[in-house]
Amino acid sequence: MAANTGVARLVLGTMSYGTLVDQDRAFALLDRFVEVGGEWLDTANCYAFWTDPAGLGGASERVIGAWLGARPGVRERVKIATKVRQDPLIPHRWPESAEGLSAEAIASGVAGSLSRLGVDAVDLLWAHAEDRTVPLAETVGAFGRLVDSGDVHRVGAANHASWRVEQARALARDEGVAPWSAVQLRHSLAQPRPGAALPDQGHKLLAADDLDYARTEGLDVWAYTPLIHGGYVRSDKPFPEAYDHPGTSRVLGVLDEVTVETGATRNQVVLAWLLRQDIQPIVGVSSLAQLDEAVDAVDVQLDDEQMARLAAVR
């Protein structure tokens, strides 16, 4: 496949690398992503402790680090985003032993990430979730110092309430340090029932106010779980029970109409729907065929009428 500059808008999720996705397959996916013009890799220092027999994170970062080491020059072609906050400090003891967002925890977490990745700096560091046990000013200051030191180029907040992001940005302005400039939240075309609990602990859904805030402030928006673990296309991976409601049926009905009109797959239309809103989807794939499907989504053009029809059934 030839490189496509539009693929730079996709983010490759690497959560399962080194656990469910072995190193050889991960290398093949990373190679293909770069080959077709992909840039952003998204990982976390805690990935993926819940599937690693060791009960600790770090596997994903180690695989990316091994890949970078085996591909001289590729570091200049990719941007790496990682996260701190959720890595267990004691194996199999989460969330009670999860690292927090104290200055010490952030510094230690990033040092570990840089070592596993084998890099001098990461392009974007996320606060993986809120930590209300630590003063927000302490967290903001620690993130800012990492930018000042050159260990991190940009900082952002994942799974945070917008008012906390705004509060953090105000503190950063007062302290003269780099503010959070991106937000990462769970988002897809289909939505769970209002108030329904998601099976994934710690996930925060993107709400209309979050998107409005981000656009007003000029923040980048990344969306994780955009394809709901394959639920749009795989009968063996149905949507979680929280999505079992009439609204989902309406969404899927219009989604199927749009797939016919565009000649695209359900997954591609969902990704195109996000991209049309300037939301960067994080695509977690485990095969080259899935990656190629996602890459081709950047060429799917949804018109205003199709966007309106999809909005009307959400």
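Details of the structure are given in the entry above.
Just so we're clear, the structure is a prediction, and the values are computed from it rather than from any experiment. (Residues numbered from 1 in each chain as written. Predicted model: local features only at pLDDT ≥ 70, side-chain atom pairs only at ≥ 80, totals over all residues. Heavy atoms only, no water.)

Trainee: Can you lay out the overall build of the chain for me, pointing to particular residues and giving the numbers?
Mentor: If you tally the helices and strands in the chain, you get 10 helices and eight strands. Residues counted as buried form 56% of the 314 residues belonging to the chain. Look at the contacts in the chain between residues 6 or more apart in sequence, and 76% of them connect residues 24 or more apart. Accessible area for the chain stands at about 13,400 Å²; split by element, carbon and sulfur atoms hold 51% of it. Measuring between centres, the 29 positive side-chain charges of the chain sit 2 Å from its 43 negative side-chain charges. (Helix = DSSP H or I, 4+ residues; strand = E, 2+ residues; numbered from the N terminus. Buried < 20%, exposed > 50% of the residue type's maximum accessible area, 1.4 Å probe, protein only. Contact = heavy atoms within 4.5 Å. Areas by Shrake-Rupley, 256 points an atom, 1.4 Å probe, with all protein chains shown as cover. Lys, Arg positive; Asp, Glu negative; His and termini not counted. Charge placed at Lys NZ, Arg CZ, Asp CG, Glu CD.)

Trainee: Please give an account of the nonpolar core that cites residues and values.
Mentor: By size, the foremost hydrophobic cluster in this structure holds 89 residues, and its most contacted members are Leu41, Trp67, Phe143, Trp180, Tyr232 and Leu302. For this core, the element with the most residues is helix H8 (residues 266-276), which contributes seven residues. Apart from residues no more than four positions distant in its own chain, Tyr232 is found in contact with Ser188, Leu189, Ala190, Pro226, Leu227, Phe239, Leu252, Leu255, Arg266, Asn267 and Val270. Of all hydrophobic cores here, the second largest spans 10 residues; its members include Ala81, Trp126, Ala182 and Ile282. (Core = buried A, V, L, I, M, F, W, Y, C linked by side-chain atoms within 4.5 Å.)

Trainee: Quick one: what's the story with unusual backbone geometry, residue by residue and with numbers?
Mentor: With omega at -15°, the peptide bond leading from Tyr47 into Ala48 counts as cis. In this model, Trp94 is joined to Pro95 through a cis peptide bond whose omega is 10°. Considering the arrangement of structural elements, one finds Pro95 in the loop between strand S3 (79-84) and helix H3 (103-117). Its identity as a non-glycine residue notwithstanding, Arg85 has a phi of 140°, on the positive side. You can see Arg85 is positioned in the loop between S3 and H3. With a phi close to 50°, Ile228 is a non-glycine residue in the positive phi region. Among the structural elements, Ile228 can be located in the loop between strand S7 (220-224) and helix H7 (246-262).

Trainee: Break down the pattern of salt bridges for me, with residues and values.
Mentor: For the structure shown, the criterion picks out 22 salt bridges. Put simply, Glu39 and Lys79 hold a salt bridge, and the shortest N to O gap is 3.8 Å. Of the two residues, Glu39 sits in the loop between helix H1 (23-35) and strand S2 (40-42) while Lys79 sits in strand S3, which places them 40 residues apart along the sequence. Between Arg276 and Asp304 there is a salt bridge, with its nearest N and O atoms 2.3 Å apart. In this pair, Arg276 is assigned in helix H8 and Asp304 in helix H10 (residues 304-312), connecting sequence segments 28 residues apart. (Salt bridge = Lys/Arg side-chain N within 4 Å of Asp/Glu carboxyl O.)

Trainee: Mind laying out helix H5 (residues 162-175), listing which residues take part and the relevant values?
Mentor: Residue pairs spaced three or four apart in an α-helix point in one direction, given the helix's 3.6 residues per turn. The terminal C-alpha atoms of H5, which comprises 14 residues, lie 20 Å apart, in line with the 20 Å expected from a rise of 1.5 Å per residue. Buried within H5 we find Ser162, Arg164, Val165, Ala168, Arg169 and Ala172. Viewed end-on, H5 has its buried residues packed into an arc of 155°, placing them on one side of the element. On its buried side, H5 packs onto helix H4 (136-149), strand S5 (155-158), strand S6 (180-186) and helix H6 (208-217). (Expected span 1.5 Å × (residues − 1). Arc of directions from axis to C-beta.)

Trainee: Tell me about the environment of Gly55, residues and numbers included.
Mentor: Looking at where Gly55 falls in the secondary structure, it is placed in the loop between S2 and helix H2 (59-70). Classification of Gly55 as buried rests on a relative accessible area of 1%. Between the alpha carbons of Gly55 and Gln277 there is a distance of 37 Å; along the sequence they are 222 residues apart. Those residues within four positions of Gly55 in sequence are excluded, and the remaining contacts are Phe49, Pro88, Pro91 and His92.

Trainee: So, the pairing of S3: which residues are in play, and what are the values?
Mentor: Walk down a regular strand and you will see the side chains alternate between the two sheet faces. For S3, the buried fraction is high: five of the six residues fall into the buried class. Two elements, S2 and S3, share three bridges in a ladder whose sense is parallel. In the strand pairing of S3, Asp42 is matched with Ala81. The handedness of the S2 to S3 crossover, carried by H2, is right-handed. When S3 meets strand S4 (residues 124-127), the two strands line up parallel, connected through four bridges. Residue Lys83 lies in a different strand from S4, and its bridge partner there is Trp126. A crossover links S3 with its parallel partner S4, the connecting element being H3, and its sense is right-handed. (Pairing = 2+ DSSP bridges. Right-handed = clockwise from strand over helix to strand, strands pointing away.)

Trainee: How would you summarise the environment of Ala3 if you had to cite specific residues and measurements?
Mentor: When you line up the elements, Ala3 lands in the segment before strand S1 (11-13). Spatially, the C-alpha atoms of Ala3 and Val36 are 3.8 Å apart, while their sequence positions differ by 33 residues. When near neighbours in sequence (up to four residues on either side) are disregarded, Ala3 contacts Glu35, Val36 and Gly37.

Trainee: Tell me about the packing of H2 against H3, and name the residues and values.
Mentor: Look at H2 against H3: their axes get within 7 Å of each other, and the N-to-C directions meet at 40°. Considering the angle they form, H2 stands oblique to H3. Facing H2, whose interface residues are Glu61, Arg62, Ile64, Gly65 and Leu68, H3 presents Ser113, Arg116 and Leu117. (Axes fitted to C-alpha atoms, helices over the stretch in contact; angles between N-to-C directions. Parallel < 35°, antiparallel > 145°, perpendicular 65-115°, else oblique.)

What is shown is where atoms sit, not what they do.
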